[in-house]
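One-letter residues, chain by chain:
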Amino acid sequence: MSQNTSTSQNSLLARARWTWWEVLLWALALASPLLLSSHALIINEIAIVALFALSLDLILGFTGIVSLGHAAFFGMGAYSAALFAKLVLPDPLVGLLVGMGTAGLLGALCSATILRGTDLTRLMVTLGVGLILMELANKLDWLTGGADGLQGVVMGPLLGQFEFDLSGRVAAWYSLMVLLIVFVIARRFVNSPFGATLKAIRDNRLRAMAIGISVNSRLAVVYTVAATLAGAAGALLAQTTGFASLDVFEFHRSADVMLILVIGGVGWLYGGVAGAIVFKLMQDAISSITPQYWTFWIGLFLVVLVLVGRERLIRPWTWFGKGKKGGTV
Amino acid sequence: MLTILFDGIAYGMLLFILAVGLAVTMGLMNFINLAHGAFAMVGGYITVLLMQKWGVPFLVCLPLAFMGSALLGAVLERTLYRPLYNKPHLDQVLFSIGLTFMAVATADYCIGSSQQIVQLPEWLKGRTEMGEGAWMLGMGHYRLFIIAVCAALTVGLQYVLTQTRFGSRLRAAVDDQRVAAGLGINVNWVFLGTFAVGSGLAGLGGALGAEVLGLDPSFPLKFMIYFLIVVAVGGTSSITGPLLAALLLGIADVAGKYYIPKLGGFIVYSLMIAILVWKPHGLFVRKGGK
């Protein structure tokens, strides 16, 4: 019996431990702006999108809340970071914290709206929050610049010494470092007992309630945390591009980040990162061929992905041999 | 003021016709279909193209728009939608977003991104005014026409749902799919028929609404939220719920845009969130259903 507990304990702990390939992966990621210095801009974008997808994964993959309005928090982070830099202090790190703070606050407020109801209700409410924020950013043009976007954001040097350069190398490192830190924290978070209760809620809400998990407070906390991280991603985007426009609230952004997460795999922290790399490279390739009709290919991809089966598309070894499917998935 | 009320009712009726198919398919199959607006767009484009290219009269276009969208709906239901009925909601959302994106890009590619204009026949263009001052009622003939058509359709739908054999089968399938199948109702056929009619109604709504709502390739995305509001607020168990929700939405939207244009869609969205937080299953829920 005691041996049994220790093996299951070990297997749980093993999942939380860092393996050699992860360390290698992160080392490569951090070296990439130097190795591929001409692609630093896209590396920066990938890191930001990966962070955004990671935050969605916390609520979608680990808690099972289907949200179509995650861009609301992304945009909140972007606008507040940009406004803070423009009006108060151009320091990036403080701006990042401000962006995270406001987005987290918004998330805490909105978490009250997602506790009840069905998937459809949640979809509608999250979508509605995104649209309201977009309307606000559009109408409050004295503050946000309205449809023209918020221009003239000048960022100060990072940590007081690294200026953001045109090639985007500092920006890429900045985003990658933030991504790494958030990733480490998120990893602790989902592997903690708290994370285990989230998965219990995702798998069966009623049973989770029956064994004494206070479902509502868990949902509120995880929604706030996810909103904070999405705010960080938005703040990074605004700071590294020096610009915030209505585009950050667009429905497209919420749908894209969902697609990214689904490409990489839901409920797996590396899913967001892998999805971001594949998605951004794909977008780069396809939109250089047909810039206008890129959404068609995204749409086709989504339809095929769902019809083939999400689990099977990202695990090519299950394509053949139906008999083994139950074992591998 | 009465004019605004009148316009709001016309708008609401139009939204109801556009969304009623969605309400039925959602209630029936528990399928979150974000691509419903695409069928409305197809109906709108059928009308516009037939009128521009071949000079088909407007009134002939309307049934054609209905049939075209219904046919498309039936084909898609049979080939793409059916395997997804038992999948998780995330899959359904992804699938229907993908379908919407494809529809938007396809319309853009084939027809162009510009706004399409419907040439109304002469007898629908005028406007009648009654009363005076604050109580003046100005009725656009076209809006009157929309209200008449939609009211007739609503009565017809209500009749089919409550009085006919198909209606009772449909209600049985909505309440409990398995028991209905066990009683010998061919649920698949009921689903297919309902989906096709729902898509057809959306197409008809798109054709009627092309003049009022505007028609361009981004139509499915722009109005997706409105259809969903009608369904989520109205509930999916009857057609009176969505009808009332659509009227409420139409009047609130027109009045909001007229009196406080600065706020835009703000009122409608806040109202929706407030209602959904208060009553997560919609305003009009029938007891005893699934």
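**Student:** What is the right way to read the overall build of chain A from this model?
**Tutor:** A tally of helices and strands in chain A yields 16 helices and 0 strands. Over its C-alpha atoms, taken along the principal directions, chain A stretches across nearly 65 × 45 × 40 Å. When each of the 329 residues of chain A is scored for burial, the buried share is 47%. Within chain A, counting contacts between residues at least 6 apart in sequence, those at least 24 apart form 76% of the total.

**Student:** Teacher, can you tell me more about the overall build of chain B here?
**Tutor:** Scanning chain B from N- to C-terminus turns up 11 helices and 2 strands. The order of α-helices and β-strands along chain B, N terminus first, is α-α-α-α-β-β-α-α-α-α-α-α-α. A compact globule built from 290 residues would reach a C-alpha radius of gyration of about 19 Å, and chain B, at 19 Å, matches this within 12%. In terms of overall dimensions, chain B has C-alpha extents of about 60 × 45 × 35 Å along its principal axes. In chain B, the proportion of contacts linking residues at least 24 apart, taken out of those at least 6 apart, comes to 77%.

**Student:** Could you clarify how one ought to interpret helix H5 (residues 141-163) of chain B in this entry?
**Tutor:** The α-helix winds at 3.6 residues per turn, so residues separated by three or four positions along the chain end up facing the same way. Here H5 of chain B is 23 residues long and its end C-alpha atoms lie 32 Å apart, about the 33 Å a rise of 1.5 Å per residue gives. Buried residues of H5 of chain B: Tyr-142, Arg-143, Ile-146 and Cys-150 of chain B, and no others.

**Student:** Quick question: what am I supposed to make of the interface of chain B and chain A here?
**Tutor:** Often, the extent of an interface is quoted as the loss of accessible area on bringing the components together. Listed as interface residues are 36 residues of chain B and, on the opposing side, 35 residues of chain A. When residues of the side of chain B that touches chain A are traced back to their parent elements, those giving at least two are helix H4 (89-111), helix H9 (219-234) and helix H11 (266-278) of chain B. Top element by residues in the side of chain B that touches chain A is H4 of chain B. It accounts for 16 residues.

**Student:** Is there a simple way to explain H11 of chain B in this structure?
**Tutor:** All names here are of chain B. An ideal rise of 1.5 Å per residue puts 18 Å on 13 residues; H11 measures up with 18 Å between its terminal C-alpha atoms. Along H11, the positions that sit buried rather than exposed are Val-268, Tyr-269, Met-272, Ile-273 and Leu-276. Down the axis, H11 shows its buried residues gathered within 130 degrees of arc, on one side only. Exposed and oriented more than 90 degrees from the buried face of H11 are Ala-274 and Trp-278.

**Student:** Even after reading the chapter, I still don't get the domain arrangement of chain A, so can you show me in this structure?
**Tutor:** Residues and elements named next belong to chain A. Partitioning chain A into domains gives domain 1 (23-288) and domain 2 (290-329). One C-alpha centre belongs to domain 1, the other to domain 2, and the line joining them spans 25 Å. Facing 6 residues of domain 1, the contacting portion of domain 2 comprises 9 residues. Of all the secondary-structure elements, those providing two or more residues to the side of domain 1 that touches domain 2 are helix H12 (251-264) and helix H13 (269-289). Counting residues per element, the side of domain 1 that touches domain 2 draws most heavily on H13, at 3 residues. Class assignment for the residues of the side of domain 1 that touches domain 2 results in 3 nonpolar, 3 polar and no charged.

**Student:** Looking at this model, I keep getting lost on the packing of helix H3 (residues 40-60) of chain A against helix H8 (residues 169-191) of chain A. Mind explaining?
**Tutor:** Helix-helix packing: each pair is described by the crossing angle between the helix axes and the interaxial distance. Residues and elements named next belong to chain A. Interaxial distance between H3 and H8 falls to 8 Å at its minimum, and their mutual angle equals 20 degrees. Overall, the two elements H3 and H8 adopt an arrangement that is roughly parallel. For the element pair H3 and H8, the recorded crossing hand is left-handed. Packed against H3, whose contacting residues are Ala-40, Ile-43, Asn-44, Ala-47, Ile-48, Ala-50, Leu-51, Leu-54 and Leu-58, the element H8 presents Arg-169, Ala-171, Ala-172, Ser-175, Leu-176, Val-178, Leu-179, Val-182, Phe-183 and Ala-186 at the interface. For the contact of H3 with H8, a count of residues per class yields 16 nonpolar, 2 polar and 1 charged.

**Student:** How should the nonpolar core be read in this particular structure?
**Tutor:** Soluble globular proteins tend to pack their nonpolar side chains together in the buried interior. Counting 193 residues, the largest nonpolar core has Leu-51 of chain A together with Ala-19 and Val-230 of chain B as its most contacted members. In terms of residues, this core owes the most to one element, helix H1 (residues 2-29) of chain B, which gives 16 residues. Split by domain, this core shows at least three residues from each of two domains, domain 1 (23-288) and domain 2 (290-329) of chain A. Residues contacting Val-230 of chain B, with those up to four places away along its chain left out, are Leu-15, Phe-16, Ala-19, Pro-242, Ala-245, Ala-246 and Leu-249 of chain B.

**Student:** How do you make sense of the environment of Ala-276 of chain A when you look at a structure like this?
**Tutor:** All names here are of chain A. Considering the arrangement of structural elements, one finds Ala-276 in helix H13. Taking the C-alpha atoms as reference points, Ala-276 and Ile-48, 228 residues apart in sequence, are found 8.8 Å from one another. Excluding anything up to four places from it in sequence, Ala-276 contacts Ile-46, Val-49, Ala-50, Ala-53 and Ile-260.

**Student:** What's the story with the environment of Leu-221 of chain B in this structure? I'm lost.
**Tutor:** By the element assignment, Leu-221 of chain B lies in helix H9. Measuring from C-alpha to C-alpha, the distance between Leu-221 of chain B and Leu-34 of chain B comes to 8.8 Å, with 187 residues separating the pair along the chain. Leave out the neighbours within four places in its chain, and Leu-221 of chain B touches Phe-251 of chain A together with Thr-100 and Val-104 of chain B.

**Student:** Could you clarify how one ought to interpret the packing of helix H2 (residues 36-54) of chain B against helix H3 (residues 58-81) of chain B in this entry?
**Tutor:** All names here are of chain B. With their axes 8 Å apart at the nearest point, H2 and H3 run at an angle of 140 degrees to one another. Taken together, the axes of H2 and H3 are oblique relative to one another. Here H2 runs over H3; the crossing is right-handed. When H2 is examined against H3, the residues Phe-39, Val-42, Gly-43, Ile-46, Thr-47, Leu-50 and Met-51 are found in contact with a partner set consisting of Phe-58, Cys-61, Leu-64, Ala-65, Phe-66, Gly-68, Ser-69, Leu-72 and Gly-73. Partitioned by chemical class, the residues of the contact of H2 with H3 number 11 nonpolar, 5 polar and no charged.

**Student:** Mind showing me how you'd approach the confidence of the model for chain B here?
**Tutor:** As a note on interpretation, predicted positions should not be read in detail where pLDDT is low. Confidence in the prediction of chain B, expressed as mean pLDDT, is 82, and 95% of residues score 70 or more. Ranking the elements of chain B by mean pLDDT puts strand S1 (residues 127-130) of chain B last with 71 and H3 of chain B first with 88.

**Student:** Can you help me understand the environment of Val-48 of chain B in this one?
**Tutor:** Residue and element names in this part refer to chain B. Residue placement: Val-48 occurs in helix H2. When the 22 C-beta atoms within 10 Å are taken as the criterion, Val-48 is described as buried. Taking C-alpha positions, Val-48 is 8.2 Å from Ala-210, a pair spaced 162 residues apart along the chain. In contact with Val-48, not counting residues within four places along its chain, are Gln-116, Val-118, Ala-210 and Leu-215.

Reading the values: rules and limits
Residues numbered from 1 in each chain as written. Chains lettered and ligands numbered in written order. Predicted model: local features only at pLDDT ≥ 70, side-chain atom pairs only at ≥ 80, totals over all residues. Helix = DSSP H or I, 4+ residues; strand = E, 2+ residues; numbered from the N terminus. Buried ≥ 20, exposed ≤ 12 C-beta atoms within 10 Å, placed from the backbone. Contact = placed C-beta atoms within 7 Å. Rg over C-alpha atoms; globule rule 2.2 N^0.38 Å. Expected span 1.5 Å × (residues − 1). Arc of directions from axis to C-beta. Domains from an automatic or database assignment. Nonpolar A, V, L, I, M, F, W, Y, C, P; charged D, E, K, R; others polar. Axes fitted to C-alpha atoms, helices over the stretch in contact; angles between N-to-C directions. Parallel < 35°, antiparallel > 145°, perpendicular 65-115°, else oblique. Left-handed = near helix turned anticlockwise from the far one by under 90°. Core = buried A, V, L, I, M, F, W, Y, C linked by C-beta atoms within 7 Å. pLDDT = per-residue confidence, 0-100.

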